[in-house]
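The residues making up each chain are set out below.
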Amino acid sequence: MTATRIPSQPWLHGHAKEVQHFGTVRQFPIALPSPTRARSCDVLNQVLADSQILFALYKKHHWLMRGVTFYQLHLLLDKHAGEQLELIDGLAERVQTLGGIALGDPRQVAEVTQVPRPPDGAEEVPAMLSRLLEAHEIVLKGAHAGARRAAEAGDDGTNDLLVSDVIRTGELQAWFLAEHLVDTPLVYGEGG
Ligand SMILES: [Fe+2]
């Protein structure tokens, strides 16, 4: 007996060959030559990898936060994580806009990132905040260098994304974190 073929049966368990390899760029008519788009994709993917780790560290420390400032830091770190997630989407979609392949699988992200791996457990609160600041600086360093290269190559869109979004947001978040590492008297000033 032959099974009746249902025309609208979804094609399940499909495994096919890659249609575009990582590191290559497709041709899009956006007035930017392939080598420029390929270089921008490399830069953007590095910032993307580091930002994905920064996002993950924000969530980790949002969960692991403790102490008398728990509530405010718990909320602040989650707010920053949400803003990082938006940047990540913008970076990934910029890579796609340029014809490249955005770095998405966390296992590949872990291979590419320059942000050091933290201990699996919890650190003291100031150490956790310092760790986030260091991750920010790695992202910012990559974004500054990438923005300069993109500007020199005429890739204004990439330059704008890195400067207006990644750098501006990262600097602001770093300020908010750094202010929590100032040892300031809570009630009495030094004058008594
Ligand atoms: Fe949460």
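Coordinates for the structure precede this section.
This is a predicted model, so every value here is computed, not measured.

Comments concerning the overall build of the protein chain
Counting secondary structure elements, the protein chain contains five helices and zero strands. Counting from the amino terminus, helix and strand elements in the protein chain follow one another as α-α-α-α-α. Relative to the compact-globule value of 16 Å for 192 residues, the protein chain shows a C-alpha radius of gyration of 21 Å, a clear excess of over 25%. Viewed in the frame of its principal axes, the protein chain has a C-alpha envelope of about 90 × 55 × 25 Å. A sequence separation of at least 24 residues applies to 78% of the contacts in the protein chain between residues at least 6 apart.

Focus on the nonpolar core
One finds Leu91 and Leu162 to be the most contacted residues of the largest nonpolar core, which totals 38 residues. At the level of secondary structure, the elements contributing two or more residues to this core comprise α1 (34–64), α2 (70–97), α4 (125–153) and α5 (156–178). Residue contributions to this core peak at 10 residues, all from α1.

A word on empty space enclosed by the protein
To find leftover empty space, one rolls a probe the size of a water molecule over the atoms. On inspection of all chains with the given rule, the structure shows one cavity of 30 Å³ or more. In this structure, the largest cavity spans a volume of roughly 60 Å³. Lining the largest cavity are Phe22, Gly23, Thr24, Val25, Ala38, Cys41, Asp42, Asn45, Val95, Gly100 and Ile101. Element by element, the count of residues in the lining of the largest cavity is highest for α1, at four residues. Looking at the lining of the largest cavity residue by residue, the class counts come to six nonpolar, four polar and one charged.

Focus: the side chain of His61
Looking at where His61 falls in the secondary structure, it is placed in helix α1. Accessibility expressed as a relative area gives 1% for His61, which makes it buried.

Considering the side chain of Thr113
Here Thr113 is to be found in the loop between α3 (106–112) and α4. Residue classification places Thr113 among the buried residues on the basis of a relative accessible area of 16%. Of note is the side chain of Thr113, whose polar atom sits 2.6 Å from the side chain of Asp50. When residues no more than four places from it in sequence are discounted, the contact partners of Thr113 are Gln46, Ala49, Asp50 and Ile53.

Things to note about α5
For α5, spanning 23 residues, the distance from its first C-alpha to its last is 31 Å, which sits close to the expected 33 Å at 1.5 Å a residue. Along its length, α5 shows its largest kink, about 25°, at Ile167. Among the residues of α5, those classed as buried are Thr158, Leu161, Leu162, Val166, Ile167, Thr169, Gly170, Gln173, Ala174 and Leu177. Those residues of α5 that are buried lie in contact with α1, α2 and α4.

Regarding α4
Here α4 contains 29 residues, and its C-alpha end-to-end distance of 42 Å stays within 8% of the 42 Å for a straight helix at 1.5 Å per residue. Two residues or fewer after α4 comes Gly154, characterised by a positive phi angle close to 85°.

Side note on the environment of Thr4
Tracing the chain through its elements places Thr4 in the segment before α1. Classification of Thr4 by relative accessible area gives exposed; the value is 71%. Remark: the alpha-carbon pair of Thr4 and Ala102, spanning 98 residues in sequence, is separated by 41 Å.

A few points about the layout of surface pockets
Space inside the largest pocket adds up to approximately 340 Å³. Looking at the largest pocket, it is lined by 14 residues, and the ones nearest its centre are Thr69, His180, Leu181, Val182 and Leu186. Residues belonging to the lining of the largest pocket are distributed by class as follows: eight nonpolar, three polar and three charged. When its volume is computed, the second largest pocket comes out at roughly 170 Å³.

Conventions we followed
Residues numbered from 1 in each chain as written. Predicted model: local features only at pLDDT ≥ 70, side-chain atom pairs only at ≥ 80, totals over all residues. Heavy atoms only, no water. Helix = DSSP H or I, 4+ residues; strand = E, 2+ residues; numbered from the N terminus. Rg over C-alpha atoms; globule rule 2.2 N^0.38 Å. Contact = heavy atoms within 4.5 Å. Core = buried A, V, L, I, M, F, W, Y, C linked by side-chain atoms within 4.5 Å. Buried < 20%, exposed > 50% of the residue type's maximum accessible area, 1.4 Å probe, protein only. 1 Å grid on protein atoms, 1.4 Å probe; cavity = no way out; pocket = protein on both sides within 12 Å on 5 of 7 lines; lining within 4 Å. Points joined across faces, edges and corners; volume = space filled by probe spheres on them. Nonpolar A, V, L, I, M, F, W, Y, C, P; charged D, E, K, R; others polar. Polar contact = N/O pair within 3.5 Å; in protein donor to acceptor, adjacent residues only side chain to side chain. Expected span 1.5 Å × (residues − 1). Bend = angle between axes of the 7 residues up to and from the residue.

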